[in-house]
Amino acid sequence: DPKSGEFVTASSVKLGTMMSADPDEAMRKAAWEGLAAIEPYVLEHGYLEVVRKRNELGRMLGGSDYYDWKVRGTEGMTKLEIFALLDELMEGTKKRHEQTLAELRAEKGDDVSRPWNFRYAIAGDVTKEQDPYFPFSKSLERWGRSFAALGVKYRESTMVLDLVDRKGKYENGFCHMPVPAWRDGDTWRPARIHFTANAIPGMVGSGKRATATLFHEGGYAAHFSHVDMPAPCFSQEFAPTSVAFAEVQSMFLDSILEDADWQARYARTEGDEPMPIELIEKGLRAGQRGQASMLRAMCAICYAERAIYEIPDDELTAERVLKEVRAVENRLLGDASSRPALSVPHLLAGESSAYYHGYVLALMGVHQTRDFFEKRDGHLMDNPK
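Computed from a prediction, not measured in an experiment: that's the story for all the values here.

**Thoughts on the overall build of the protein**
Okay, so step 1: The secondary structure content of the protein amounts to 14 helices and five strands.
Okay, so step 2: At 21 Å, the protein has a C-alpha radius of gyration in line with the 21 Å of a compact globule built from 385 residues.
Okay, so step 3: Counting only C-alpha atoms and orienting by the principal axes, one finds that the protein spans roughly 55 × 55 × 40 Å.
Okay, so step 4: Across the 385 residues that make up the protein, the buried fraction comes to 49%.
Okay, so step 5: Considering only contacts in the protein between residues 6 or more positions apart, those separated by 24 or more positions represent 74%.
Okay, so step 6: For the protein, the accessible area works out to roughly 18,300 Å², and carbon and sulfur atoms hold 55% of it.
Okay, so step 7: Both charge centroids of the protein, one from 48 positive and one from 59 negative side chains, sit 2 Å from each other.

**Here we look at the side chain of Asp259**
Okay, so step 1: Tracing the sequence through the fold places Asp259 in the loop between helix H10 (243-255) and helix H11 (260-266).
Okay, so step 2: With near-sequence residues (within four places) excluded, Asp259 lies in contact with Arg370 and Leu380.

**Describing the layout of surface pockets**
Okay, so step 1: The volume enclosed by the second largest pocket comes to roughly 940 Å³.
Okay, so step 2: Forming the boundary of the second largest pocket are 36 residues, of which Val8, Thr9, Ala10, Leu15 and Gly34 lie nearest the centre.
Okay, so step 3: Elements supplying a minimum of two residues to the lining of the second largest pocket: helix H1 (12-21), helix H2 (25-36) and helix H3 (38-44).
Okay, so step 4: Top element by residues in the lining of the second largest pocket is H2. It accounts for six residues.
Okay, so step 5: Looking at the lining of the second largest pocket, its residues break down into 20 nonpolar, seven polar and nine charged.

**Some words on unusual backbone geometry**
Okay, so step 1: Omega for the bond connecting Ala239 with Pro240 falls within 30 degrees of zero, at 10°, which places this linkage in the cis form.
Okay, so step 2: In this structure, Pro240 sits in the loop between helix H9 (206-224) and H10.
Okay, so step 3: Despite not being glycine, Ala354 has its phi angle at roughly 50°, a positive value.
Okay, so step 4: Relative to the helices and strands, Ala354 resides in the loop between helix H13 (318-333) and helix H14 (357-377).
Okay, so step 5: A relative accessible area of 2% means that Ala354 is categorised as buried.

**Digging into the side chain of Ser353**
Okay, so step 1: Looking at the element boundaries, Ser353 is found in the loop between H13 and H14.
Okay, so step 2: Ser353 sits in the buried class, given a relative accessible area of 0%.

**Points about H1**
Two residues of an α-helix separated by three or four positions point the same way, owing to the 3.6 residues in each turn.
Okay, so step 1: Most of H1 is tucked away: eight of the ten residues are buried.
Okay, so step 2: For H1, the complete set of buried residues consists of Ser12, Val13, Leu15, Gly16, Thr17, Met18, Met19 and Ala21.
Okay, so step 3: Each element contacted by the buried residues of H1 is listed here: H2, H3, helix H7 (118-130), strand E5 (192-199) and H9.

What counts, and at which threshold
Residues numbered from 1 in each chain as written. Predicted model: local features only at pLDDT ≥ 70, side-chain atom pairs only at ≥ 80, totals over all residues. Heavy atoms only, no water. Helix = DSSP H or I, 4+ residues; strand = E, 2+ residues; numbered from the N terminus. Rg over C-alpha atoms; globule rule 2.2 N^0.38 Å. Buried < 20%, exposed > 50% of the residue type's maximum accessible area, 1.4 Å probe, protein only. Contact = heavy atoms within 4.5 Å. Areas by Shrake-Rupley, 256 points an atom, 1.4 Å probe, with all protein chains shown as cover. Lys, Arg positive; Asp, Glu negative; His and termini not counted. Charge placed at Lys NZ, Arg CZ, Asp CG, Glu CD. 1 Å grid on protein atoms, 1.4 Å probe; cavity = no way out; pocket = protein on both sides within 12 Å on 5 of 7 lines; lining within 4 Å. Points joined across faces, edges and corners; volume = space filled by probe spheres on them. Nonpolar A, V, L, I, M, F, W, Y, C, P; charged D, E, K, R; others polar.

These figures come from the coordinates and say nothing about function on their own.
Pasting the structure below:
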C-alpha cells in the first residue's frame, strides 16, 4: 500500500482489477508491482525444473518441444501452424495498436503507456461509471434470465458454482466436469459440472467481471452438458477436445454481455435504473479503440510461453526466461505491457500450459460465429434460434 507502506494480501485477480479500475496511479503501480513479483517467485520455486521435465516429455513423444507436442494433441496442429495464424493477427493489428498508443498519449500524456496505466487509460473511467449497473448481487439472476431467453438448457445437469474470491482459491475462473454427460443405452446420464468465478463484492469492476465469468463458464457448461454420445469419453474438456473449439462456445456467450442491446435491457442499478444510452456508447467506443491492443496483449502471453520452451536446457535460467519474456512484450506492445506473463496462472498449471493461444483462436471464431448468426437472424440477444 503506497500510503501506509504496509503489505496487503491480494489475489492476482484483485491486483488485475485494481490496474483496470483504480483511479489512483500509485495504487495501480503497487498492484502491477505485486503481479510482477510473482515472476521471480515462481522462477525460484521450481518452474524452471518443470519446464525441463515438460520439454523432456514433449520430445520423448514426438514434438520439437513440450509446446509443440501439447498442441499436436489438443488442436491437431503443429506449433508452427498455430503461430503462423498468430503472426498474421500481429501483422494486421500492429498499425491500430500504435495508433491507439499515439491517441492516448496525445489525450493523457506520455505516462499513459506505463504498464500500470495502459489498461486504465483505455477504459478505466468508463469501467467506474458503468460499475453501478453491474452489481454483483444481480449477476446470477442476469445469467439465468439471459441464458433462459436464449433457450440455453442444461439437460438435468447438476451444477456446483463457487463464485467469490478468497485466499487459497485458484486464481482464475474455470469449468470442469467430474461427471460427464453421456447416453448409457437408452438411459440419459446427465453431467455434474463445477465452475468458479473470482468476484470481489463491492470492488469497482468486479461485478461486471463476475457476470462475464458466469456467461463464459456457463457457456462451457451448456456445451458439455449436451454431448449425447454412447460413452463418457466423448464429453470431456481435455485432449483431444480442441481448446480453441471449446473456448468458442464460452466466449461467444460472454461476448453478448458487451452488446449495446443487451446492456440496454439487462444492465441496471440495484434500484433498477437502466444504463443511459450515452454511457453504453461510451463503453463501446472505449472497448473498440482498445481491441487491437488487448488482442496483442493476449498474444504476448502465447509468444512468451513459446519462447520459454524454446530455450535450450543448458541455457534455461531465470535471467534468460525474463529476458525472452520482456523481449516478446516489447516487440508486441512496446512499453504498454500491463500483465507480466508469468503472473498468468495458465502457464504454471499442467493442464492449462501451452493453452493460451486457444483464447486467441477462439476470439476469431467468436467473430465468425457472431457474423453468421447476425446475418441469418438479425440479432443475438434473447434469441433462441
